[in-house]
Each structure stands twice: as C-alpha cells, then as structure tokens.
Amino acid sequence: YAVAALKAIGVKRTVMLTGDNPISARAVASRLGIDDIESELMPEEKVECVKSLVKRFGKVAMVGDGINDAPALAVASVGVAMGGAGSNAALETADVALMADDLSMLPYGVKLSRASLKIIKQNIAFSILVVIALVGLTLGKVLNLTGGIVGHEGSALLVILNGMRLLRLKA
C-alpha cells in the first residue's frame, strides 16, 4: 500500500537497498511494486548507493530502521527512521521518525510536508505585504501607531488561521 500511495502522490522512483540476498529482495520488491533493488549491501555500500541516487535524482528520501541504515540516512536528503523498532543510531541520525512503525503514514508525511511548505510560503508573502502596507500607511500619515499595531496583530491572526488549515489534511 505505501509504495503505491507514494507513487500516487508523485514519487517517481522507489529503490530497495538491503543486505538480504537478491532472490529475497526481488521477491519482496516485485510484490510491493518497488522499481529497483540493490541487495547484499554493507552499510558503506548503502551510503554509496544513496549518494549515487542523490547525484542522479537530486532529492532522495531514505527509510530505514537499523544501525546499518544510519550512515545512509545521514547522507539522504531526508532520512526517515522507523521509531518503535528502529535502533537508537537510526533514530538519532534521521530527520524524521515514524513512531508507529507504520509505513502507510509515509505518504501522509510527504503530503503534510508539501502542504506545510506551501502554507509557510503563503504566510511569509502575506506578512511581508502587510508590513510594507502598514509602514507605507504610517509614513503617509494615514495610519497612527495604534492602527498599525491592530493591523499587525490582525495579520498575525490571519497567518495563524491559514496555518491551521493543515489540521484538515487527512492521512
């Protein structure tokens, strides 16, 4: 489910990096719909694979749970550790921890982060425009200090309300 959901939201390529043998890796990858596999990898080989993927595709997310995954999580654009079953090394190295060990939450995390970035950009642009308008109105003697403060605090309330739209995003 998780791989199909990731592809549905625009993730173009999935690659399995594993220390397991090629036969097991191919069986799992074909069942899950994973595009490529690299098997029988040592931790340093996983790092090289992730570096190669970053060079080839730009941004790469790495999901892992073990101490063998920690170095690769560190070199990925975004490292995601499986929180409950993950090793301390993986959890400390990763940028994100899935505390429920539920990979089906990964697509939701991607959607939430994309929506968050969009709202952050909106809020920054809105805040800058409001400040410019308030300064201009104050310098033009159209607005006094009290009006400027009320306008600024009102815009802060709108920024907060815009950010709260993220609460509506469903998993």
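In what follows, the accompanying structure is described. Not measured: the values here are computed from a predicted model. (Residues numbered from 1 in each chain as written. Predicted model: local features only at pLDDT ≥ 70, side-chain atom pairs only at ≥ 80, totals over all residues. Heavy atoms only, no water.)

### Topic: unusual backbone geometry
Note: most residues except glycine have negative phi, and most peptide bonds are trans. Even without being a glycine, glutamate 40 presents a positive backbone phi close to 55°. On the secondary structure map, glutamate 40 appears in the loop between strand E2 (36-38) and helix H3 (43-57). In this model, lysine 141 sits at a positive phi of 60°, which is unusual for a non-glycine residue. Here lysine 141 shows up in the loop between helix H6 (105-139) and helix H7 (145-163). (Helix = DSSP H or I, 4+ residues; strand = E, 2+ residues; numbered from the N terminus.)

### Focus on a nonpolar patch on the surface
On the surface, a cluster of nonpolar side chains totalling about 690 Å² of accessible area is made up of Phe126, Leu157, Leu158, Ile160, Leu161, Met164 and Leu167. In terms of residue count, H7 provides more of the nonpolar patch than any other element does, four residues in total. Tracing the backbone shows isoleucine 160 in helix H7. (Patch = residues over 30% accessible without salt bridge, like charges linked within 9 Å, V, L, I, M, F, W, Y side chains within 5 Å. Areas by Shrake-Rupley, 256 points an atom, 1.4 Å probe, with all protein chains shown as cover. Salt bridge = Lys/Arg side-chain N within 4 Å of Asp/Glu carboxyl O.)

### So, the pairing of strand E3 (residues 61-64)
A regular strand carries its side chains on alternate faces of the sheet. Only one face of E3 is covered, namely the face carrying Met62 and Gly64; the face carrying Ala61 and Val63 is uncovered. As paired elements, E3 and strand E4 (residues 78-82) share four bridges and run parallel to each other. Following the sheet pairing, alanine 61 is matched in E4 by valine 78. (Buried < 20%, exposed > 50% of the residue type's maximum accessible area, 1.4 Å probe, protein only. Pairing = 2+ DSSP bridges.)

### With respect to the nonpolar core
With 12 residues, the main nonpolar core is built from Leu17, Leu41, Val47, Cys49, Val50, Met62, Ala72, Leu73, Ala76, Ala81, Ala90 and Ala94. Listing elements by their share of this core, those giving two or more residues are H3 and helix H4 (70-75). For this core, the element with the highest residue contribution is H3, accounting for three residues. Once residues lying within four places of it in the same chain are set aside, the contact partners of cysteine 49 are Leu17, Glu38 and Leu41. (Core = buried A, V, L, I, M, F, W, Y, C linked by side-chain atoms within 4.5 Å. Contact = heavy atoms within 4.5 Å.)

By themselves, these are just geometric observations and shouldn't be taken as functional.
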